[in-house]
Amino acid sequence: MALYRNNGELLTERRGIIDAVVHSLGKSDHGSRILRRGRRLGRITKHRLSRWLLLLTALFSVYFTVCGLKMFIHAKMESRFPATHSIREGLNLHSKHEELNLHSIHKELNLQETVSLSEFGKPPPKSKRRKHFPCEVEFLKSADGLAEPKNYMNFTWFSLDYVKQEGKTSDSGLFEPRFGGHQTLEEREKSFYAKNQMVHCGFVKGSPGYSSTGFDLDEKDKAYMSKCKIAVSSCIFGSSDFLRRPTSRLISQYSKNNVCFVMFLDEQTLSKLSSEGNSPDERGHIGLWKVVVVKNLPYKDMRRTGKVPKFLAHRLFPNSRYSIWLDSKMRLNADPMLIIEYFLWRRNAEFAISNHYDRHCVWDEVLQNKRLNKYNHTAIDQQFKVYQSDGLTKFDPSNPNNPLPSYVPEGSLIIRAHTPMSNLFSCLWFNEVDRFTSRDQLSFAYTYLKLRRMNPERPFQLYMFKDCERRALVKLFQHRTIPSPP
């Protein structure tokens, strides 16, 4: 029994040892699996970490590359449009005659250096675009039977004629007929006097044998326009806009019967509009617009060509007493007769234009044109230096004696009576656009102030109205495309 008991205890002890060993072996196997898993997890983590590091490195490389490209492009643009330059260098001249004229300006005014941005100060920081709204315009209730007041045309009167033809003036071989003519500096200076005179005002032809200088119209269209007593006009050249028809329901039958609505188009634009379903009817009309096709455009710059109907309505409508200019980006939403009554007759004015919605000083307008690259910087500097040398000063909003509420206009809507002073001002303004840049907001104040200064006893009744009033008369749209600056 003792042996059996001892053997049983021994057997039991052995089984315990075996179980312990087995259990120990099991634990050891589980631990090895954990260890293997830990090593595998470590390898995966290292691999993923490496991938993230590579990705971040690539992102930083792309970022620095883009920054470098931006700096390079900015430097190229700065070199392309230098803010400080000699007047004689880099100027985009429109003709050989213009080069001679500008050289003469440089010589006579002793201009040595163009205006640098440092003279103006740094451009203002970009801000959020402000919203502008229309305001109430107190029109008469009806246009029916409206007639010109008896004492309205009591303005400065003198005889104004226009240079129609120029011949070759030298044997240098540089003569080339130009639509704006070859106005000398002496002629330019004398033209600002309100007196009986002959002035350059576009439509200048060369001697027999020379080709047309441009803006050629069909004789039937000329005959139609010569009968207009009141004209509303606009233009689209180079397919730069859609056609905006005046809102017919807001225009009285009286105005429809007595006002000519003329839209000047080139052949390219007419073709484009026709393809979009805006073809003239058998009378040559698209809605209220009478379509007049212009052939042989006088300038390559479409903006400059657009200044012809904008400023020279008195030449295109020779028998008209009044005209309204409307930019092609706008749709007329008011009656033309009510507009004339409100802005001219009621104000006893012969020329009406609105102030700019945002800027009032020509210095600011110069900076904005440069910042947006609206035109060649050197050409802008040259023009502005000439104006400064001839007395143009900054607009002071605190000065109660300012002749105008703003020196920068919003020229998309112009209302005028075709009086001698109004016609002269329009010719002078056009001549500045023909001689310098096509940015007419740069030359408006200089032209008006010089005309006023040189004729102290012959006032020019120009009324500058609020931009919000302009917005009440029209609906604004964006241009289809913007022609590239030269």
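Residues numbered from 1 in each chain as written. Predicted model: local features only at pLDDT ≥ 70, side-chain atom pairs only at ≥ 80, totals over all residues. Heavy atoms only, no water.

1. Structural notes on the overall build of the protein
The line we're drawing: What counts as a helix is a DSSP run of H or I of at least four residues, what counts as a strand is a run of E of at least two, and both are numbered from the N terminus. For each residue, the accessible area found with a 1.4 Å probe, counting protein chains only, is set against the maximum for its type, and the residue is called buried under 20%, exposed over 50%, and partly exposed in between. Two residues qualify as a contact provided that any one of their heavy atoms is within 4.5 Å of a heavy atom in the partner residue. Areas reported as accessible are Shrake-Rupley estimates using a 1.4 Å probe. Residue values count occlusion only from the protein chains shown.
When its secondary structure is counted, the protein shows 15 helices and 12 strands. Within the protein, the proportion of its 486 residues that are buried is 47%. Partitioning the contacts of the protein with sequence separation of at least 6, the portion at a separation of at least 24 is 85%. Carbon and sulfur atoms provide 53% of the accessible area of the protein, an area that totals close to 26700 Å².

2. Here we look at the confidence of the model for the protein
Let me state the cut-off plainly: Confidence scores labelled pLDDT are given residue by residue by the predictor and lie between 0 and 100.
Averaged over every residue, the pLDDT of the protein is 82; the share at 70 or more is 73%. Low pLDDT (under 50) marks residues 1–12, which in the prediction has 0 contacts with non-local residues, meaning those over four places away or in another chain. The low-confidence segment residues 20–32, where pLDDT is below 50, has 0 contacts with residues more than four positions distant or belonging to other chains.

3. What to know about the packing of aromatic side chains
Rules: Classification of ring pairs rests on two measures: the distance between centres of Phe, Tyr or Trp rings, Trp counted by its six-membered ring, which must be within 6.5 Å, and the angle between planes, read as stacked under 30 degrees, edge-to-face over 60 and tilted in between.
Scanning the model with the defined rule gives 30 aromatic pairs in all. Residues Phe179 and Phe215 carry aromatic rings whose centres are separated by 6.5 Å and whose planes lie at 45° to one another, so their mutual orientation is tilted. Linking Phe179 in the loop between strand 1 (160–162) and helix 4 (185–190) with Phe215 in the loop between strand 2 (197–199) and helix 5 (219–226), this pair joins segments that are 36 residues apart in sequence. In this pair, the class of Phe179 matches that of Phe215, namely buried.

4. Some points on the environment of Gly145
Residue placement: Gly145 occurs in the loop between helix 3 (117–120) and strand 1. Accessibility expressed as a relative area gives 58% for Gly145, which makes it exposed. Separated by 192 residues in sequence, Gly145 and Met337 place their C-alpha atoms 9.9 Å apart.

5. Concerning the pattern of salt bridges
Side chains that differ in charge, positive against negative, can pair when their charged atoms come close. Counted only if it meets this: Should a side-chain nitrogen of Lys or Arg be within 4 Å of a carboxyl oxygen of Asp or Glu, the pair is scored as a salt bridge.
The tally for this structure, following the rule as stated, stands at 20 salt bridges. Of the charged contacts in the structure, one is a salt bridge between Glu432 and Arg188, with a shortest N-O distance of 3.1 Å. Here Arg188 lies in helix 4 and Glu432 lies in helix 13 (residues 420–435), a separation of 244 residues in the sequence. Both residues of the pair, Glu432 and Arg188, belong to the buried class. Between Lys450 and Asp390 there is a salt bridge whose closest N-O contact spans 3.0 Å. Residue Lys450 is found in helix 14 (residues 440–453), and its partner Asp390 is found in the loop between helix 12 (377–389) and strand 10 (409–417); the two are separated by 60 residues along the sequence. Assessed through its relative accessible area of 22%, Asp390 is described here as partly exposed. Here the residues in one salt-bridge network are Glu189, Asp390, Lys450 and Arg453, joined through shared partners.

6. Concerning helix 8 (residues 302–311)
Spelled out, the test is: Counting of polar contacts relies on pairs of N or O atoms within 3.5 Å, with two restrictions inside protein: one atom must be capable of donating a hydrogen and the other of accepting it, and residues adjacent in sequence are counted only when both atoms are side-chain atoms.
Most of helix 8 sits inside the fold, with 8 of its 10 residues counted as buried. Among all positions of helix 8, only Arg304, Thr305, Gly306, Lys307, Val308, Pro309, Lys310 and Phe311 are buried. N-cap assignment for helix 8: the residue whose side-chain oxygen lies 3.0 Å from the backbone N of Arg303 is Asp301.

7. Structural notes on the sheet that holds strand 3 (residues 230–236)
Heads up, the rule is: At least two DSSP bridges between two strands are required for those strands to pair. Every axis corresponds to a line fitted to the C-alpha atoms, with the helix fit spanning only the stretch in contact, and the corresponding angles, defined between N-to-C directions, vary from 0 to 180 degrees.
Pairing within the open sheet is mixed, and its 8 strands lie in the order 5-6-4-3-7-10-9-11. Edge positions in the sheet fall to strand 5 (285–286) and strand 11 (462–465), since each of these pairs with one other strand and no more. Looking at chain direction, strand 5 and strand 6 (residues 289–294) are connected through 2 bridges and run antiparallel. By the bridge assignment for strand 6, Ile286 is matched with Trp289. Here helix 5 sits on the sheet and contacts strand 4 (260–266), strand 5 and strand 6; the angle it forms with strand 6, its principal contact strand, is near 135°. Along the sheet, helix 8 contacts strand 3, strand 4, strand 7 (322–326) and strand 10; its crossing angle with strand 10, the most-contacted strand, is approximately 30°.

8. Observations concerning a nonpolar patch on the surface
Threshold: Only residues whose relative accessible area exceeds 30% and that form no salt bridge are eligible for patches; like-charged ones are grouped when within 9 Å, while nonpolar side chains (Val, Leu, Ile, Met, Phe, Trp, Tyr) are grouped when within 5 Å.
A contiguous nonpolar surface patch, about 540 Å² in accessible area, is contributed by Trp52, Leu53, Leu55, Leu56 and Leu59. Of note, Leu53 is situated in helix 1 (residues 2–80).

9. Quick notes on the state of the cysteines
Should the sulfur atoms of two cysteines be covalently bonded, the bond is a disulfide. Here is the rule: Disulfides are defined in this document as cysteine sulfur pairs within 2.5 Å.
This structure, assessed with the given rule, holds 3 disulfides. The partner cysteine of Cys201 in its disulfide is Cys427, sulfur to sulfur 2.1 Å. The S-S bond linking Cys201 to Cys427 shows a torsion near -80°; that makes this disulfide left-handed. Of this pair, Cys201 sits in the loop between strand 2 and helix 5 while Cys427 sits in helix 13, and the two are 226 residues apart along the sequence.

10. A look at the packing of helix 13 against helix 14
Using the following cut-off: Working rule for angles: under 35 degrees goes down as roughly parallel, over 145 as roughly antiparallel, 65 to 115 as roughly perpendicular, anything else as oblique. Two helices cross in a left-handed way if the nearer one is turned anticlockwise from the farther one by less than a right angle. They cross in a right-handed way if the turn is clockwise. Residue polarity is assigned by list, with Asp, Glu, Lys and Arg as charged and Ala, Val, Leu, Ile, Met, Phe, Trp, Tyr, Cys and Pro as nonpolar; anything else, Gly included, falls into the polar class.
One can describe the packing of helix 13 onto helix 14 by two numbers: an axis separation of 9 Å at closest approach and a directional angle of 135°. Comparing their axes, helix 14 and helix 13 come out oblique. Note on packing geometry: the crossing formed by helix 13 with helix 14 is right-handed. Touching Met421, Leu424, Phe425, Leu428, Trp429, Glu432 and Val433 of helix 13 are Asp440, Ser443, Phe444, Tyr446, Thr447, Tyr448 and Leu451, all from helix 14. The residue makeup of the contact of helix 13 with helix 14, split by class, is 10 nonpolar, 2 polar and 2 charged.

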